[in-house]
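These are the residues of each chain, in order.
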Amino acid sequence: MLGTLLVSGCSTTIPDNLVPVSVNKVQQAGAWEMQGKLAVRTPQDKFSTNLYWLHSPTHDELKLTTMLGTTVLSLQSRAGEATLEVDGRTYTDSDPQRLLTRVSGWSIPIDSLPLWITGQLTVGDKLMAKDAQGRPAKLVNSEQLPPWEVDFKSWQVQSGAEVPRLLNLRRGDVRLKLQLNQWQALAPQDTTLIKLASQTENSL
(Lines give C-alpha, C1' and ligand atoms only; values in the text may rest on other atoms or scores of the structure.)
Protein backbone atom coordinates (compact mmCIF):
# COMPACT_ATOMS: atom_id res chain seq x y z
CA MET A 1 0.00 0.00 0.00
CA LEU A 2 1.20 3.47 -0.82
CA GLY A 3 1.50 5.81 2.14
CA THR A 4 -0.51 8.99 2.23
CA LEU A 5 0.49 12.43 3.44
CA LEU A 6 -1.93 15.02 4.74
CA VAL A 7 -2.18 18.21 2.74
CA SER A 8 -0.36 21.03 4.47
CA GLY A 9 -0.28 24.75 3.85
CA CYS A 10 1.72 25.83 0.83
CA SER A 11 3.88 28.93 0.85
CA THR A 12 2.90 29.70 -2.74
CA THR A 13 0.39 32.52 -3.05
CA ILE A 14 -1.97 33.47 -5.86
CA PRO A 15 -0.47 36.15 -8.15
CA ASP A 16 -1.77 39.66 -7.47
CA ASN A 17 -3.55 39.85 -10.82
CA LEU A 18 -5.71 36.76 -10.11
CA VAL A 19 -8.61 36.53 -7.65
CA PRO A 20 -10.86 33.61 -6.58
CA VAL A 21 -14.16 33.38 -8.44
CA SER A 22 -17.15 31.06 -8.63
CA VAL A 23 -18.04 29.40 -11.94
CA ASN A 24 -20.78 27.12 -13.24
CA LYS A 25 -18.45 25.05 -15.41
CA VAL A 26 -14.70 24.48 -15.29
CA GLN A 27 -14.39 25.84 -18.85
CA GLN A 28 -15.29 29.27 -17.45
CA ALA A 29 -12.19 29.33 -15.24
CA GLY A 30 -9.48 31.36 -16.93
CA ALA A 31 -7.04 29.98 -14.36
CA TRP A 32 -7.14 27.81 -11.25
CA GLU A 33 -5.17 26.47 -8.32
CA MET A 34 -5.50 23.10 -6.63
CA GLN A 35 -4.15 21.24 -3.63
CA GLY A 36 -4.25 17.50 -3.21
CA LYS A 37 -2.23 14.32 -2.97
CA LEU A 38 -0.24 12.41 -5.54
CA ALA A 39 0.79 8.77 -5.16
CA VAL A 40 3.23 7.27 -7.65
CA ARG A 41 4.15 3.62 -8.05
CA THR A 42 6.68 2.20 -10.50
CA PRO A 43 8.70 -1.05 -10.51
CA GLN A 44 11.63 0.92 -9.07
CA ASP A 45 9.95 3.28 -6.65
CA LYS A 46 6.81 4.29 -4.81
CA PHE A 47 6.03 7.45 -2.91
CA SER A 48 3.20 9.74 -1.86
CA THR A 49 3.39 13.52 -1.69
CA ASN A 50 1.30 16.66 -1.42
CA LEU A 51 0.61 18.42 -4.68
CA TYR A 52 0.03 22.12 -5.36
CA TRP A 53 -0.69 23.38 -8.89
CA LEU A 54 -1.33 26.89 -10.16
CA HIS A 55 -2.47 26.85 -13.78
CA SER A 56 -3.16 29.73 -16.17
CA PRO A 57 -3.03 30.08 -19.96
CA THR A 58 0.48 31.57 -19.73
CA HIS A 59 1.96 30.11 -16.57
CA ASP A 60 2.10 26.81 -14.69
CA GLU A 61 3.56 26.29 -11.24
CA LEU A 62 3.67 22.81 -9.73
CA LYS A 63 5.06 21.92 -6.29
CA LEU A 64 5.45 18.61 -4.48
CA THR A 65 5.81 18.94 -0.71
CA THR A 66 6.19 16.72 2.33
CA MET A 67 3.71 16.53 5.21
CA LEU A 68 5.74 19.22 6.98
CA GLY A 69 5.51 21.56 4.00
CA THR A 70 9.06 21.09 2.77
CA THR A 71 9.26 21.50 -1.01
CA VAL A 72 10.59 18.36 -2.69
CA LEU A 73 10.21 19.57 -6.24
CA SER A 74 9.19 22.82 -7.91
CA LEU A 75 8.42 23.12 -11.62
CA GLN A 76 7.50 26.37 -13.35
CA SER A 77 6.84 27.03 -17.01
CA ARG A 78 6.15 30.27 -18.80
CA ALA A 79 6.50 31.44 -22.42
CA GLY A 80 8.28 28.34 -23.66
CA GLU A 81 10.74 28.17 -20.77
CA ALA A 82 10.57 25.63 -17.93
CA THR A 83 12.53 25.66 -14.67
CA LEU A 84 12.81 22.69 -12.34
CA GLU A 85 14.22 22.94 -8.81
CA VAL A 86 15.02 19.68 -7.03
CA ASP A 87 17.67 18.59 -4.51
CA GLY A 88 19.01 22.13 -4.31
CA ARG A 89 19.71 22.30 -8.03
CA THR A 90 18.02 24.18 -10.86
CA TYR A 91 17.46 22.80 -14.36
CA THR A 92 15.96 24.45 -17.44
CA ASP A 93 14.46 23.34 -20.73
CA SER A 94 12.02 24.65 -23.32
CA ASP A 95 9.60 21.76 -22.62
CA PRO A 96 8.38 21.10 -19.04
CA GLN A 97 7.35 17.50 -19.75
CA ARG A 98 10.75 16.65 -21.20
CA LEU A 99 12.52 18.47 -18.37
CA LEU A 100 10.68 16.57 -15.64
CA THR A 101 11.29 13.21 -17.31
CA ARG A 102 14.96 13.96 -18.01
CA VAL A 103 15.82 15.12 -14.49
CA SER A 104 13.57 12.99 -12.29
CA GLY A 105 12.75 10.03 -14.52
CA TRP A 106 9.09 10.36 -13.50
CA SER A 107 6.57 9.66 -16.23
CA ILE A 108 3.95 12.16 -15.07
CA PRO A 109 1.80 13.56 -17.93
CA ILE A 110 1.95 17.21 -16.89
CA ASP A 111 0.98 18.37 -20.40
CA SER A 112 -2.38 16.58 -20.16
CA LEU A 113 -3.08 16.77 -16.43
CA PRO A 114 -4.51 20.34 -16.39
CA LEU A 115 -7.44 19.11 -18.49
CA TRP A 116 -7.76 15.70 -16.81
CA ILE A 117 -7.74 17.35 -13.38
CA THR A 118 -10.80 19.35 -14.44
CA GLY A 119 -12.56 16.39 -16.08
CA GLN A 120 -11.85 17.44 -19.66
CA LEU A 121 -10.34 15.59 -22.62
CA THR A 122 -7.11 16.48 -24.40
CA VAL A 123 -6.17 16.04 -28.05
CA GLY A 124 -5.68 12.34 -28.67
CA ASP A 125 -8.02 11.22 -25.86
CA LYS A 126 -10.61 8.58 -26.63
CA LEU A 127 -13.55 8.50 -24.24
CA MET A 128 -14.18 4.87 -23.33
CA ALA A 129 -17.01 5.24 -20.80
CA LYS A 130 -19.27 7.77 -19.09
CA ASP A 131 -20.90 7.62 -15.67
CA ALA A 132 -24.64 7.86 -14.99
CA GLN A 133 -24.43 11.68 -15.05
CA GLY A 134 -22.72 11.72 -18.45
CA ARG A 135 -19.32 12.67 -17.03
CA PRO A 136 -16.10 11.00 -18.22
CA ALA A 137 -15.51 7.70 -16.42
CA LYS A 138 -12.60 6.32 -18.43
CA LEU A 139 -10.40 7.56 -21.27
CA VAL A 140 -7.36 6.35 -23.18
CA ASN A 141 -4.69 8.56 -24.72
CA SER A 142 -2.53 6.92 -27.38
CA GLU A 143 -0.32 9.93 -28.10
CA GLN A 144 2.42 7.97 -26.29
CA LEU A 145 2.95 4.23 -26.27
CA PRO A 146 2.08 2.47 -24.11
CA PRO A 147 -1.05 4.66 -23.83
CA TRP A 148 -2.22 6.47 -20.73
CA GLU A 149 -5.44 5.13 -19.22
CA VAL A 150 -7.36 7.47 -16.91
CA ASP A 151 -10.19 6.40 -14.59
CA PHE A 152 -12.33 9.13 -12.98
CA LYS A 153 -13.29 7.40 -9.73
CA SER A 154 -15.34 10.17 -8.04
CA TRP A 155 -16.45 13.77 -8.47
CA GLN A 156 -17.13 16.81 -6.28
CA VAL A 157 -18.28 20.44 -6.49
CA GLN A 158 -15.59 23.08 -6.00
CA SER A 159 -15.89 26.81 -6.80
CA GLY A 160 -19.41 26.08 -8.06
CA ALA A 161 -18.30 23.57 -10.73
CA GLU A 162 -18.06 19.80 -10.91
CA VAL A 163 -14.47 18.56 -10.89
CA PRO A 164 -12.99 15.10 -10.31
CA ARG A 165 -12.06 14.18 -6.75
CA LEU A 166 -10.07 11.02 -7.41
CA LEU A 167 -8.30 9.90 -10.58
CA ASN A 168 -6.34 6.74 -11.26
CA LEU A 169 -3.82 6.85 -14.11
CA ARG A 170 -1.94 3.94 -15.62
CA ARG A 171 0.67 3.67 -18.34
CA GLY A 172 2.41 0.32 -18.67
CA ASP A 173 3.77 -0.49 -15.21
CA VAL A 174 3.43 3.10 -13.94
CA ARG A 175 0.53 3.87 -11.59
CA LEU A 176 -0.57 7.33 -10.43
CA LYS A 177 -3.30 8.19 -7.95
CA LEU A 178 -4.37 11.82 -7.82
CA GLN A 179 -6.73 13.23 -5.20
CA LEU A 180 -8.07 16.79 -5.39
CA ASN A 181 -8.81 18.20 -1.95
CA GLN A 182 -9.22 21.82 -3.00
CA TRP A 183 -9.81 23.37 -6.43
CA GLN A 184 -10.30 27.12 -6.83
CA ALA A 185 -11.25 28.90 -10.03
CA LEU A 186 -9.36 32.16 -10.64
CA ALA A 187 -9.88 35.15 -12.92
CA PRO A 188 -7.93 38.34 -13.73
CA GLN A 189 -8.74 40.99 -11.15
CA ASP A 190 -9.47 43.72 -13.70
CA THR A 191 -11.96 41.51 -15.51
CA THR A 192 -13.69 40.65 -12.25
CA LEU A 193 -13.97 44.31 -11.24
CA ILE A 194 -15.40 45.26 -14.65
CA LYS A 195 -17.96 42.47 -14.41
CA LEU A 196 -18.98 43.51 -10.87
CA ALA A 197 -19.27 47.16 -11.94
CA SER A 198 -21.46 46.16 -14.88
CA GLN A 199 -23.71 44.08 -12.63
CA THR A 200 -24.02 47.02 -10.20
CA GLU A 201 -24.97 49.43 -12.99
CA ASN A 202 -27.58 47.04 -14.34
CA SER A 203 -29.16 46.72 -10.89
CA LEU A 204 -29.57 50.50 -10.50
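Residues numbered from 1 in each chain as written. Predicted model: local features only at pLDDT ≥ 70, side-chain atom pairs only at ≥ 80, totals over all residues. Heavy atoms only, no water.

*Asks:* Give me the lowdown on the overall build of the chain, citing residues and values where you can.
*Replies:* The helix and strand tally for the chain stands at 3 helices and 12 strands. Evaluated residue by residue, the chain yields a buried proportion of 43% over its 204 residues. Once local pairs closer than 6 in sequence are excluded, the contacts in the chain between residues at least 24 apart make up 45%. Split by element, the accessible area of the chain, about 11400 Å² in all, is 51% carbon and sulfur. (Helix = DSSP H or I, 4+ residues; strand = E, 2+ residues; numbered from the N terminus. Buried < 20%, exposed > 50% of the residue type's maximum accessible area, 1.4 Å probe, protein only. Contact = heavy atoms within 4.5 Å. Areas by Shrake-Rupley, 256 points an atom, 1.4 Å probe, with all protein chains shown as cover.)

*Asks:* Give a detailed account of the pattern of salt bridges, specifying residues and quantitative values.
*Replies:* By the definition in use, this model includes 7 salt bridges. With a closest N to O distance of 2.6 Å, Glu-149 and Arg-170 form a salt bridge. Separated by 21 residues along the polypeptide, Glu-149 in strand E10 (residues 148-158) and Arg-170 in strand E11 (residues 161-171) bring together distant segments of the chain. Take Glu-149: its relative accessible area is 21%, and that puts it in the partly exposed class. Given the relative accessible area of 36%, Arg-170 is considered partly exposed. (Salt bridge = Lys/Arg side-chain N within 4 Å of Asp/Glu carboxyl O.)

*Asks:* Break down the pairing of E10 for me, with residues and values.
*Replies:* Alignment of strand E9 (residues 136-141) against E10, held across 4 bridges, turns out to be antiparallel. For Lys-138, the partnering residue across the bridge sits in E10 and is Asp-151. Linking two consecutive strands that pair antiparallel, namely E9 and E10, is a turn of 6 residues. Relative to E11, E10 runs antiparallel, the two being bridged by 9 bridges. Note on E11: the bridge partner recorded for Gln-156 is Val-163. Hairpin connection between E10 and E11: a loop of 2 residues separates the two successive antiparallel strands, and Ser-159 in this loop has a positive phi of roughly 55 degrees. (Pairing = 2+ DSSP bridges.)

*Asks:* Explain the packing of aromatic side chains to me, using residue names and the numbers behind them.
*Replies:* In total, this model carries 2 aromatic pairs according to the counting rule given. Between Trp-32 and Trp-53, the ring centres sit 6.2 Å apart and the planes meet at 55 degrees, which makes this aromatic pair tilted. Highlighted residues: Trp-32 in strand E2 (residues 31-41) and Trp-53 in strand E3 (residues 46-55), separated in sequence by 21 residues. Assigned by exposure class, Trp-32 and Trp-53 land together as buried. (Phe/Tyr/Trp six-rings, centres within 6.5 Å; stacked < 30°, edge-to-face > 60°.)

*Asks:* Can you tell me about the confidence of the model for the chain, naming the residues and giving the values?
*Replies:* In this model, the chain carries an average pLDDT of 85, and 85% of its residues clear a pLDDT of 70 or more. Every residue in residues 1-11 is under pLDDT 50, and counting partners more than four places away or in other chains gives 32 contacts. In this model, residues 196-203 is a region of pLDDT below 50 whose contacts with residues beyond four sequence positions or in other chains number 0 contacts. (pLDDT = per-residue confidence, 0-100.)

*Asks:* Kindly report on helix H1 (residues 96-104), identifying the contributing residues and their values.
*Replies:* Among the residues making up H1, those that are buried are Pro-96, Gln-97, Leu-99 and Leu-100. Down the axis of H1, the buried side of the element spans an arc of 165 degrees, and every buried residue falls inside it. The inward-facing, buried residues of H1 contact strand E5 (71-78), strand E6 (81-86) and strand E7 (89-93). Where H1 begins, the capping side chain belongs to Asp-95, and its oxygen is found 3.2 Å from the backbone nitrogen of Gln-97. Immediately downstream of H1, the backbone of Gly-105 shows phi near 80 degrees, a positive value. (Arc of directions from axis to C-beta. Polar contact = N/O pair within 3.5 Å; in protein donor to acceptor, adjacent residues only side chain to side chain.)

*Asks:* Tell me about unusual backbone geometry, and name the residues and values.
*Replies:* The backbone of Ala-79 sits at a positive phi, close to 50 degrees, despite the residue not being glycine. Turning to its location among the elements, Ala-79 is positioned in the loop between E5 and E6. Despite not being glycine, Asp-87 has its phi angle at roughly 55 degrees, a positive value. In this structure, Asp-87 sits in the loop between E6 and E7.

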